[in-house]
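# Structural description and commentary
Now for the letters of each chain:
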Amino acid sequence: MSKTQQYQGGKAFGALKKQQELALDEINKQYLGDDDYQDKEEFPDLKGTLEAYKKQFMEFDLDNSGDIDLMELKMMMEKLDQAKTHLELKKMIAEVDRENRGSISYNDFLFMMLGKKSSVLKLILKFEAAMKDKERPKGVAPKRDFASLP
């Protein structure tokens, strides 16, 4: 199968996404079985956390290669309104990339997100997740009078 056929939409794309999801599920199983991550206080819902990280990784792995490369990281940061220079992006990858591949594998991604060490990418992703979770009021603002003002 040529590269253009491999990345075409429809059934081929769905099959490619499913194949990637199964591969990431296998890595998740390794983390679920690892004694280092069985601390209920630190990881109360490890399975749910891993599932959320898998979805997040798949969202940013645009070519379904199993790695987040420099351009995918650049697009991720732009989507999060955190545009970075190429040098900053390379430093972010180097901070996380334990295998010296020049990209972030899912294993590196999980190790970063579940680990104790902070990296710039981890801080940005945690901050963005915290901002998403905030419930903002909807609808028309309530009427106020002078007595209710501080």
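For the structure itself, consult the block above.
Keep in mind it's a predicted model, so treat the numbers as computed, not measured.

The next thing to look at is the overall build of the protein. A count of helical and extended segments in the protein gives 7 helices and 2 strands. Put simply, the protein runs from its N terminus to its C terminus through helices and strands in the order α-α-α-β-α-α-β-α-α. At 19 Å, the protein has a C-alpha radius of gyration far larger than the 15 Å of a compact globule built from 150 residues. Here the protein, with 150 residues, has 31% of them falling under the buried criterion. Within the protein, contacts between residues at least 6 apart in sequence are counted, and of these 51% link residues at least 24 apart. By element, 56% of the accessible surface of the protein is carried by carbon and sulfur atoms, the whole surface being about 10,400 Å². Each charge class in the protein was averaged separately, 26 positive and 28 negative side chains, and the resulting centres sit 5 Å apart.

Our next topic: the layout of surface pockets. For the largest pocket, the calculated volume is near 350 Å³. As for the largest pocket, its lining consists of 15 residues, of which Gln 56, Leu 125, Glu 128, Ala 129 and Lys 132 are closest to the centre. When contributions to the lining of the largest pocket are tallied by element, the ones reaching two or more residues are helix 3 (46–60) and helix 7 (120–133). Of the residues that constitute the lining of the largest pocket, the class distribution is 7 nonpolar, 1 polar and 7 charged. When its volume is computed, the second largest pocket comes out at roughly 180 Å³. What lines the second largest pocket is Ala 94, Glu 95, Val 96, Arg 98, Asp 108, Phe 111, Met 112, Gly 115, Lys 116, Lys 117, Ser 118 and Ser 119.

Checked against the element boundaries, Glu 51 lands in helix 3. Residues Glu 51 and Leu 24 lie 27 residues apart in sequence; the distance between their C-alpha atoms is 9.4 Å. Beyond its immediate sequence surroundings of up to four residues, Glu 51 is in contact with Asp 25 and Asn 28.

In terms of nonpolar packing, the biggest core is built from 30 residues, with Leu 73, Met 76, Met 77, Phe 109, Leu 114, Leu 121 and Leu 125 touching the most fellow members. Residue assignment for this core shows that the elements contributing at least two residues are helix 2 (11–33), helix 3, helix 4 (70–79), helix 5 (86–96), helix 6 (106–114) and helix 7. Ignoring any residue separated from it by four or fewer positions in sequence, one finds Met 77 in contact with Gln 82, Ala 83, Lys 84, Leu 89, Met 92, Leu 121 and Ile 124.

On to the side chain of Ser 103. Relative to the helices and strands, Ser 103 resides in the loop between helix 5 and strand 2 (104–105). Beyond its immediate chain neighbours, meaning those up to four positions away, Ser 103 contacts Asp 67, Ile 68, Asp 69, Ile 93, Asp 97 and Asp 108.

Reading guide: rules and limits
- Residue positions are counted from 1 within each chain, in the order its sequence is given.
- Per-residue local features of the predicted model are confined to residues with pLDDT of at least 70, and side-chain atom pairs are confined, for both listing and counting, to 80 or more; whole-chain, interface and lining totals are unaffected and use all residues.
- Only hydrogens and water are removed before side-chain values are computed, so all heavy atoms of the structure are retained for them.
- Here a helix means four or more residues in a row that DSSP labels H or I, a strand means two or more in a row labelled E, and each is numbered from the N terminus.
- Atoms counted for the radius of gyration: C-alpha only. Globule rule: 2.2 Å times residue count to the power 0.38.
- Three labels apply to residues, based on accessible area from a 1.4 Å probe with only protein chains included: buried if under 20% of the type maximum, exposed if over 50%, partly exposed otherwise in between.
- By definition in these notes, contact holds between two residues if any of their heavy atoms fall within 4.5 Å.
- Areas reported here follow the Shrake-Rupley algorithm with a probe of radius 1.4 Å; residue values treat only the protein chains shown as occluding.
- Counted charges follow a simple rule, with Lys and Arg positive, Asp and Glu negative, and His plus the chain ends left uncounted.
- The atom standing in for a charge is NZ when the residue is Lys, CZ when it is Arg, CG when it is Asp and CD when it is Glu.
- Definitions used throughout: a 1 Å grid over protein atoms alone; a cavity as a set of points that fits a 1.4 Å probe which cannot get out; a pocket as an open set with protein on both sides within 12 Å along at least five of seven lines; a lining residue as one with an atom within 4 Å of a point.
- Grid points are joined across faces, edges and corners, and a volume is the space filled by probe spheres set on the points.
- In the scheme used here, Gly and all other residues not listed as nonpolar or charged are polar, with Ala, Val, Leu, Ile, Met, Phe, Trp, Tyr, Cys and Pro taken as nonpolar and Asp, Glu, Lys and Arg as charged.
- Residue types Ala, Val, Leu, Ile, Met, Phe, Trp, Tyr and Cys, when buried and joined through side-chain atoms within 4.5 Å, form a set referred to as a nonpolar core.

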